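Chains, contacts and geometry: an overview
What follows is each chain in one-letter form.
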Amino acid sequence: MSSLPIINIAPWLPQNTDNTAREAISKALHAACLEFGFFYLDISEYVDPAVADELATLARQFFALPQEEKDKISLSNQDHARGYQRLKENVTNGKADNHEGLDFYRPVENPDKSRPLWGENQFPSIPDFKDKYEAWVEKMKALGLIVMEAMALGLGMTPEEWLELRSQVDDSFWVMRAIGYPPLPNDSDGFSCGAHKDYGCLTFLYADPTPSALQVFLRQTGGSVVPDAAGLPAEQGAEEGIWINADPLPGCVVCNIGEMWEIWTNGLYKSTLHRVVHRSSNYRVSVPFFFEPNFDARVKPLAAANRIQGTTGTVPDKQPVVYGEFLMAKVGNNFTGGKGRYDD
Ligand SMILES: O=C(O)CCC(=O)C(=O)O
Ligand SMILES: [Fe+2]
C-alpha cells in the first residue's frame, strides 16, 4: 500500500469542460506537488491501457534479443544518449545500476552525432516498435501540456501567465525510455536504479505490474535521514523520511515532478527522490516518458509561486537556468567519464 494520491485527469481532457471539476483536479495537483512531488495520474479516459501494455511487450521483446543484436543500436553509435545502453552501463551515485535501457529524445534539426544529445534516434527492427513508440510520444506530449495547464491553475496562475509558461514547454525536449530490469541478485548491495531526482518537468511512468520495485522517498520530519544515501548530494542525503513502494495501479501512470518545477515554484514544489529495488524473480520492464521544457526555455521562479510564498516570508529566488544547458551539464558526464544519466 502506498499513500500517494490518485488524480484523474479526465476533467481536463478537451471534451470535458466542467470548470468546477477542473478546479478540483487543479487543487488536488497542487496539494500532491506540495506534499509528495509524486502522484498516480489516472489516464484511463485518455488512453486505452492496452496501448501502454503493448509498449512494455515490445520492450520486453527487444531486451530478450541476443546481446550482439541489442548492441547494434548502442548509444555509442550515436551521440552517447540515443540508443541502447547495456546492463550496468548506467551509474547512479557512484554505483552501477542493475538495468539496461533504450533511450529516444526529441529529434533535432541538422543532427550531428559528434555533438552531445544531437544525434539521431535508433529504433529496434522489431515490427511496429517505431510506430507504437512514436504514437505514445505524441500522446504523452499532449498529456504534458494538459497536466501543465491544470497545474498552472492549481498554482493560481492567470491565463496570461499560463500562456507564458506554455511557451516554455510547447516544443518539449522530451525523452522516452524503455528500461529492462533483471532481478537484483540477493547478495548485491547495489540498486536496480539508485536514488535520484528527475531533472526536468513531468515524468509519466508506465511500468509492468511487478510490485515492490519503484520506491519513493516520503519526506517526514523526525524520520531517519535518507538510508543508503551514499553519493547523493549532501542536501538530498540529509533529508529525513521513509521509502514507500509506488506499485503500478491499473489505468494510471506514476507521475512525478522534476527539478524544473522546483525552480518555477522557487522550492515550493519539491522534486522527490526515488529508486528501483527489484528483487523478485521476473524480468521487469518500465517505459517512462519525460515531458521536459523546450531546449531553449529560460526557467525561472514564477510570479504565482512568489505570491504564495510572499504570505509566508521571504524566500530567496532560485537561480534561473536555460533548460538545454542544464540538461547538457547533467548528461555531459556521459561523454567524458563514462558516467550515467542519473549522476549529478
Ligand atoms: O523504472 C522505474 O520504475 C523508474 C525509472 C526512473 O526513475 C527513471 O528512469 O527516471
Ligand atoms: Fe526517475
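What counts, and where the lines are drawn
- Residues numbered from 1 in each chain as written.
- Chains lettered and ligands numbered in written order.
- Predicted model: local features only at pLDDT ≥ 70, side-chain atom pairs only at ≥ 80, totals over all residues.
- Helix = DSSP H or I, 4+ residues; strand = E, 2+ residues; numbered from the N terminus.
- Buried ≥ 20, exposed ≤ 12 C-beta atoms within 10 Å, placed from the backbone.
- Contact = placed C-beta atoms within 7 Å.
- Near = placed C-beta within 6 Å.
- Nonpolar A, V, L, I, M, F, W, Y, C, P; charged D, E, K, R; others polar.
- Pairing = 2+ DSSP bridges.
- Axes fitted to C-alpha atoms, helices over the stretch in contact; angles between N-to-C directions.
- Core = buried A, V, L, I, M, F, W, Y, C linked by C-beta atoms within 7 Å.
- pLDDT = per-residue confidence, 0-100.
- Parallel < 35°, antiparallel > 145°, perpendicular 65-115°, else oblique.

As for the overall build of the protein chain
On a plain count of helices and strands, the protein chain comes out with nine helices and 16 strands. Expressed as a percentage of its 344 residues, the buried residues of the protein chain come to 44%. Considering only intrachain contacts with a sequence separation of at least 6, the fraction spanning at least 24 residues in the protein chain is 78%.

A few points about the site of ligand 1
Ligand 1 sits among Arg 177, Ile 179, Cys 193, Asp 198, Leu 205, Ala 207, Leu 214, His 274, Val 276, Ser 286 and Pro 288. Among the residues forming the shell around ligand 1, the class breakdown is seven nonpolar, two polar and two charged.

A few points about the sheet that holds strand S9 (residues 202-207)
Read from one edge of the open sheet, eight strands run S1-S2-S12-S9-S14-S7-S6-S3, paired in mixed fashion. Taken across any chain shown, the strands that pair with only one partner, and hence form the sheet edges, are strand S1 (6-8) and strand S3 (83-85). Averaged over all pairs of adjacent strands, the angle between their axes in this sheet comes to 25°, without regard to strand direction. Those strands touched by helix H2 (residues 49-63) are strand S6 (100-105), strand S7 (175-181), S9 and strand S14 (284-291), and its axis lies near 120° from that of S14.

Structural notes on the nonpolar core
Among the nonpolar cores identified, the biggest contains 92 residues, and Phe 39, Leu 41, Phe 204 and Val 253 are the most heavily contacted of them. If you tally residues by element for this core, the top one is helix H4 (residues 129-154), at ten residues. For Val 253, the residues in contact, after removing those within four places along its chain, are Leu 41, Ile 43, Phe 204, Leu 205 and Tyr 206.

Quick word on the pairing of S7
The buried fraction of S7 amounts to six of the seven residues, a majority that puts the element mostly inside the structure. Here six bridges tie S6 to S7, and the two strands are oriented antiparallel to one another. When the sheet's bridge partners are listed, Glu 100 is paired in S7 with Gly 180. In this structure, S7 lies alongside S14, joined through five bridges in antiparallel fashion. Across the sheet, Ile 179 pairs through a bridge with Ser 286, a residue of S14.

Points about the environment of Ile 244
Note on placement: Ile 244 falls in strand S11 (residues 240-245). A tally of 17 C-beta atoms within 10 Å means that Ile 244 is categorised as partly exposed.

A closer look at unusual backbone geometry
The phi angle at His 80 is positive, at roughly 65°, despite the residue not being glycine. With respect to the helices and strands, His 80 occurs in the loop between helix H3 (67-71) and S3. Looking at His 80, the number of C-beta atoms within 10 Å reads 21, which means it is buried. Positive phi outside glycine occurs at Asn 110, with the angle close to 50°. Its location among the elements puts Asn 110 in the loop between S6 and H4.

Let's talk about the confidence of the model for the protein chain
Confidence in the prediction of the protein chain, expressed as mean pLDDT, is 91, and 90% of residues score 70 or more. pLDDT under 50 marks residues 334-339. Its contacts with residues more than four places away, or in other chains, come to nine contacts. Prediction confidence for the complex, expressed as pTM and ipTM, is 0.94 and 0.99 respectively.

As for the pairing of S6
In terms of burial, S6 is a largely internal element, six of the six residues being buried. Both faces of S6 are covered, namely the face carrying Glu 100, Leu 102 and Phe 104 and the face carrying Gly 101, Asp 103 and Tyr 105. Inspection of the sheet shows S3 paired to S6 by three bridges, in the antiparallel sense. By the bridge assignment, Tyr 84 is partnered in S6 with Leu 102.

Here's the deal with the packing of helix H1 (residues 19-35) against H4
At a closest axis distance of 8 Å, the pairing of H1 and H4 adopts a crossing angle of 85°. Taken together, H1 and H4 sit at an angle that is classed as roughly perpendicular. Across the interface between the two elements, Arg 22, Glu 23, Ile 25, Ser 26, Lys 27, Leu 29 and His 30 of H1 pack against Ala 150, Met 151, Leu 153 and Gly 154 of H4. In terms of residue class, the contact of H1 with H4 is built from five nonpolar, three polar and three charged.

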